[in-house]
Amino acid sequence: MFTSQKFSLFGLLTLALAQTVVAAECTPDQGHGAQVFANECGVCHSVSKDMAGMMGPSLAGVVGRKSGSLEGFSYSQAMRSKDVTWQAETISQLITQPQAYVPGTYMPYMGLASADDRQAVVCYLKEQR
Ligand code: HEC
């Protein structure tokens with residue numbers, strides 16, 4: 001009797017823990033997102049509004065922006081006609097495998113395999129207004 005109660009309490013705790021891990025919320029990450037951005041994206045994208053000389057469009061304020069819509073940037077036809085709004089989910093899909101998500105895109109990036117890194121970089125981008 002006593003042991004079985006202990007077991008169910010343990011079960012509840014594990015369930016609560018599993019849910020915390022699954023929740024896709026942005027938590028302070030000690031600069032991990034910024035580091036992923038610097039390593040994986042920074043060579044082509046800036047997060048300041050001044051995008052002079054970068055190969056990719058500025059990602060300042062990209063969350064909530066329509067795909068292919070930054071004025072003055074010369075997008076591929078594929079990106080211009082993609083018609084999505086960049087949110088955590090769509091950005092994550094793009095950077096998993098750009099050529100699969102937007103066939104014909106000019107973004108010459110192989111993809112970010114780690115779901116943790118994708119989540120971290122998306123959280124970082126949410127802060128870049
Ligand atoms: C080697 C250069 C390069 C790298 C690395 C790169 N990108 Fe891109 N990215 C581009 C180019 C070029 C485009 C424009 C694509 C087009 O017009 O088809 C683009 C487009 C995008 C867009 C769409 C923006 C818009 O205005 O519609 C997002 C979002 C994006 N990149 C995010 C990322 C993230 C996040 C990373 C890092 C994980 C990354 N990119 C890595 C070159 C790159």
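Structure first, text after, so check above.
The structure displayed is predicted, hence computed values, not measured ones. (Residues numbered from 1 in each chain as written. Predicted model: local features only at pLDDT ≥ 70, side-chain atom pairs only at ≥ 80, totals over all residues. Heavy atoms only, no water.)

What's the story with the coordination of the iron atom of the ligand in this structure? I'm lost.
Six octahedral donors around a metal ideally subtend angles of 90 or 180 degrees, whereas four tetrahedral donors ideally subtend 109.5 degrees. Those donors, His-45 (NE2) and Met-107 (SD), are the protein atoms that reach the iron atom of the ligand, and they lie 2.0 to 2.3 Å from it. One way to put it: the six donor atoms around the iron atom of the ligand meet at angles of 83 to 178°, and that makes the site octahedral. With a gap of 62 residues between them, His-45 in the loop between α2 (32–40) and α3 (77–80) and Met-107 in the loop between α5 (98–101) and α6 (115–126) connect regions that are remote in the sequence. What makes Met-107 buried here is its relative accessible area of 18%. (Donors = N, O, S within 2.8 Å, 3.2 Å for Na, K, Ca; no water. Tetrahedral: all angles 85-135°; square planar, octahedral: opposite > 155°, others 65-115°. Helix = DSSP H or I, 4+ residues; strand = E, 2+ residues; numbered from the N terminus. Buried < 20%, exposed > 50% of the residue type's maximum accessible area, 1.4 Å probe, protein only.)

Sorry if this is basic, but what is going on with the site of the ligand here?
Residues in contact with the ligand amount to 24 residues; listed here are only the nearest, Cys-41, Cys-44, His-45, Ser-76 and Met-107. In this structure, an oxygen atom belonging to the ligand sits 2.9 Å away from a side-chain N or O atom of Arg-65. Contacts to the ligand include Gly-68, whose backbone N or O atom sits 2.8 Å from an oxygen atom. Its residues assigned to classes, the shell around the ligand shows 16 nonpolar, six polar and two charged. (Near = heavy atom within 4 Å. Polar contact = N/O pair within 3.5 Å; in protein donor to acceptor, adjacent residues only side chain to side chain. Nonpolar A, V, L, I, M, F, W, Y, C, P; charged D, E, K, R; others polar.)

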